[in-house]
Amino acid sequence: QHKDAYQAILDGVKGGAKEKRLAAQFIPKFFKHFPELADSAINAQLDLCEDEDVSIRRQAIKELPQFATGDNLPRVADILTQLLQSDDSAEFNLVNNALLSIFKMDAKGTLGGLFSQILQGEDIVRERAIKFLSTKLKTLPEEVMTKEVEEFILTESKKVLEDVTGEEFVLFMKILSGLKSLQTVNGRQQLVELVAEQADLEQTFNPSDPDCVDRLLQCTRQAVPLFSKNVHSTKFVTYFCEHVLPNLSSLTTPVEGLDIQLEVLKLLAEMSSFCGDTEKLESNLKKLFDKLLEYMPLPPEEAENGENAGNEEPKLQFSYVECLLYSFHQLGRKLPDFLTAKLNAEKLKDFKIRLQYFARGLQVYIRQLRLALQGKTGEALKTEENKIKVVALKITNNINVLIKDLFHIPPSYKSTVTLSWKPVQKADASQKRASEDTTSSSPPKKASAGPKRDARQIYNPPSGKYSSNLGSFSYEQRGGFRGGRGRGWGGRGNRSRGRIY
């Protein structure tokens, strides 16, 4: 007779508001006693989850975890994932809480439901399920996020990564890099390989295709924090030197107002510290050297009357030169005789003339910047204009240190500088990773001595400013677009070749 009574409760979902409210409470309450009616019970509760009355929907959603037993759990997870598309905030929060509660019962089963919807569900469900994973996984305790569960996440994520937008890719990298099992050197190496695969480093680079350029930059930004002295950036550095540098001036971007050339050079500079040994080292250095020469002008020729012909000084691009000189300096450490043995005497002499001319201009700017900032402290340094001056002084000081190194006979590669857009490294507080790593972009060798000396060299002057000649520079350029854009890879399913983005 109890079975008939339970069936009557199930039939209540077809009744009025009062019957539905009672059904929403009693169907889950007695669910476990009637396994033979399990399907009918879940379907009845689902009807209530889609009811027009918001209070009935909320009640029904709140009780859904009670159905998540045994084989029913993945199905409940799948249903809850679909319900993430709700635009009612209270309902949305109930769905989130319900998913978290069944996560603690069976993490793999819950993930099965979530990933099934990510792979096959509607766009809005996919988007919200990915967001759920990227925000909630890190809040779960270790006893839930076991090694087996993390391996399952990695396996399923790889399936999703075969077809993602730029924005989705960034979120998945956030999910994966937060997994404990991928915090090791081996784990980070796996992540770098995943990124390299997404970046399509085997494909021909097309500088005039904004999607192609954007995908490479999005991927490289995800890879940069993973590199260390044990996880090398060699593949990316070589790709940038071989394919991107020669096409620097023809790069296109879908992002308005972005200095795409400077962005590329900054990424290359950050990666150059962690480039491993490669047979392409000399050719990489050659390409870097050639590009550097483009931004290091010869002194203007003097006319017969002793004045500059055309009376125009070459424009000095300090931001670009800092990046290129730093990258050249980092790779040059691995082949210290490049300038003396690999270049002919005429080329070396030409390079020294350019360095000397640039250094002269540099000194003028450094003096101007120091003068402009003299005596300014605290609030005065926080104005937009003075912030630009502070960064500009870091840039000019960095270039100065690197040029001095290259003027040694033979050229030296011993100085360490912190790139102007990176925070000052404190020797004790900067170890975000295990002791085998350094997160700064300065070389890992002699880390304890380097930053202290650099801090004195570079940051002691109250810090400075660009003159109007510095054109393209803007303060904290990266802040405006880090990880915020997506769909830059043509949208899912829009490409006709190979892997789809």
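If you're wondering where the values come from, they're calculated on a predicted model, not measured in any experiment.

Quick look at the overall build of the protein chain
Link 1 in the chain: Helix and strand content of the protein chain: 20 helices and zero strands.
Link 2 in the chain: Look at the contacts in the protein chain between residues 6 or more apart in sequence, and 75% of them connect residues 24 or more apart.
Link 3 in the chain: As displayed, the protein chain has an accessible area near 23,800 Å², and 49% of this comes from carbon and sulfur atoms.

So, the packing of aromatic side chains
Link 1 in the chain: One pass over the structure, following the stated rule, counts 14 aromatic pairs.
Link 2 in the chain: Centroid distance Phe205 to Tyr239: 6.2 Å. Interplanar angle 85°. Geometry classified as edge-to-face. Here Phe205, found in the loop between helix 11 (185–199) and helix 12 (210–223), pairs with Tyr239, found in helix 13 (residues 234–244); they are 34 residues apart in sequence, far enough to count as distant. Neither Phe205 nor Tyr239 differs from the other in exposure class; each is buried.
Link 3 in the chain: Taking the centre distance of 4.9 Å and the plane angle of 85° together, the rings of Phe318 and Tyr365 count as edge-to-face. One end of the pair, Phe318, is in helix 16 (residues 318–332); the other, Tyr365, is in helix 18 (residues 345–373), and 47 residues separate them in sequence.

Concerning unusual backbone geometry
Link 1 in the chain: Between Ile409 and the following residue, Pro410, the backbone shows a cis peptide bond with an omega angle of -10°.
Link 2 in the chain: With respect to the element layout, Pro410 can be found in the loop between helix 19 (384–407) and helix 20 (449–459).
Link 3 in the chain: Positive phi values are uncommon outside glycine, yet Asp200 reaches one of about 60°.
Link 4 in the chain: Among the secondary structure elements, Asp200 is positioned in the loop between helix 11 and helix 12.
Link 5 in the chain: Taking relative accessible area as the criterion, Asp200 reaches 10% and is therefore assigned buried.

Digging into the packing of helix 10 (residues 166–177) against helix 12
Packed helix pairs are specified by the crossing angle of their axes together with the interaxial distance, meaning the distance between the axes.
Link 1 in the chain: With their axes 10 Å apart at the nearest point, helix 10 and helix 12 run at an angle of 10° to one another. The orientation of helix 10 relative to helix 12 falls into the category roughly parallel. Where helix 10 approaches helix 12, its residues Gly166, Phe169, Val170 and Met173 are matched on the opposing element by Gln218, Cys219 and Gln222.
Link 2 in the chain: Residue composition of the contact of helix 10 with helix 12, grouped by class: four nonpolar, three polar and no charged.

Quick look at the environment of Phe132
Link 1 in the chain: By the element assignment, Phe132 lies in helix 8 (residues 123–136).
Link 2 in the chain: The class of Phe132 is buried, set by a relative accessible area of 2%.
Link 3 in the chain: Between the alpha carbons of Phe132 and Asn96 there is a distance of 7.8 Å; along the sequence they are 36 residues apart.
Link 4 in the chain: Non-local contacts of Phe132, meaning those with residues more than four positions away in its chain, are made with Leu84, Asn96, Leu99, Leu100, Phe103, Leu114 and Leu137.

Quick notes on helix 9 (residues 147–160)
Link 1 in the chain: If you check helix 9, its first and last C-alpha atoms are 20 Å apart, about what 14 residues at 1.5 Å a residue would give, namely 20 Å.
Link 2 in the chain: Every buried residue belonging to helix 9 is among Val149, Glu150, Ile153, Leu154, Glu156, Ser157 and Val160, and all of these are buried.
Link 3 in the chain: If you follow the buried residues of helix 9, they end up packed against helix 7 (107–120), helix 8, helix 10 and helix 11.

A word on the nonpolar core
The tendency in soluble globular proteins is for nonpolar side chains to be buried as a group.
Link 1 in the chain: The biggest cluster of nonpolar side chains holds 145 residues, and the ones touching the most others in it are Ile27, Leu80, Ile153, Phe236 and Leu339.
Link 2 in the chain: Counting residues per element, this core draws most heavily on helix 18, which supplies ten residues.
Link 3 in the chain: Excluding its chain neighbours within four sequence positions, the residues that come into contact with Leu80 are Ile61, Leu64, Val95, Ala98, Leu99 and Ile102.

With respect to the packing of helix 3 (residues 38–49) against helix 4 (residues 54–63)
Link 1 in the chain: Relative orientation of the contacting elements helix 3 and helix 4 amounts to 140°, with a least axis distance of 7 Å. Judged on the interaxial angle alone, helix 4 and helix 3 are oblique. For the pair helix 3 and helix 4, the contacting residues are Gln45, Leu48 and Cys49 in the first and Ile56, Arg57, Ala60, Ile61 and Glu63 in the second.
Link 2 in the chain: Across the contact of helix 3 with helix 4, the residue classes break down as five nonpolar, one polar and two charged.

Some details on the pattern of salt bridges
Link 1 in the chain: By the definition in use, this model includes 23 salt bridges.
Link 2 in the chain: Linking Asp53 and Arg21 is a salt bridge whose minimum nitrogen-to-oxygen distance equals 3.3 Å. With Asp53 in the loop between helix 3 and helix 4 and Arg21 in helix 2 (residues 17–30), this residue pair connects regions lying 32 residues apart in the sequence.
Link 3 in the chain: Overall, the relative accessible area of 37% leaves Arg21 in the partly exposed class.

As for the environment of Asn72
Link 1 in the chain: With respect to the element layout, Asn72 can be found in helix 5 (residues 72–83).
Link 2 in the chain: The sequence separation of Asn72 and Asp39 amounts to 33 residues, and the corresponding C-alpha distance is 9.1 Å.
Link 3 in the chain: Not counting the four nearest positions on each side in its chain, Asn72 is found in contact with Phe31, Ile42 and Phe67.

Describing helix 12
Link 1 in the chain: Under the 1.5 Å per step criterion, the end-to-end length of helix 12 is 20 Å for 14 residues, consistent within 8% with the ideal 20 Å.
Link 2 in the chain: Its side-chain oxygen at 3.0 Å from the backbone nitrogen of Asp211, Asp209 defines the N-terminal cap of helix 12.

Re the side chain of Ser272
Link 1 in the chain: Inspection of the secondary structure puts Ser272 in helix 14 (residues 260–272).
Link 2 in the chain: Engagement of the side chain of Ser272 in a polar contact is seen with the backbone oxygen of Ala269, the distance being 2.7 Å.
Link 3 in the chain: Once residues lying within four places of it in the same chain are set aside, the contact partners of Ser272 are Val237, Tyr326, Ser327, Gln330 and Leu331.

Some words on the environment of Val244
Link 1 in the chain: By secondary structure assignment, the location of Val244 is in helix 13.
Link 2 in the chain: Looking at Val244, the relative accessible area reads 1%, which means it is buried.
Link 3 in the chain: Val244 has contacts with Phe205, Leu216, Tyr239, Leu251 and Val264, leaving out every residue within four places of it along the chain.

Scoring rules and cut-offs
Residues numbered from 1 in each chain as written. Predicted model: local features only at pLDDT ≥ 70, side-chain atom pairs only at ≥ 80, totals over all residues. Heavy atoms only, no water. Helix = DSSP H or I, 4+ residues; strand = E, 2+ residues; numbered from the N terminus. Contact = heavy atoms within 4.5 Å. Areas by Shrake-Rupley, 256 points an atom, 1.4 Å probe, with all protein chains shown as cover. Phe/Tyr/Trp six-rings, centres within 6.5 Å; stacked < 30°, edge-to-face > 60°. Buried < 20%, exposed > 50% of the residue type's maximum accessible area, 1.4 Å probe, protein only. Axes fitted to C-alpha atoms, helices over the stretch in contact; angles between N-to-C directions. Parallel < 35°, antiparallel > 145°, perpendicular 65-115°, else oblique. Nonpolar A, V, L, I, M, F, W, Y, C, P; charged D, E, K, R; others polar. Expected span 1.5 Å × (residues − 1). Core = buried A, V, L, I, M, F, W, Y, C linked by side-chain atoms within 4.5 Å. Salt bridge = Lys/Arg side-chain N within 4 Å of Asp/Glu carboxyl O. Polar contact = N/O pair within 3.5 Å; in protein donor to acceptor, adjacent residues only side chain to side chain.

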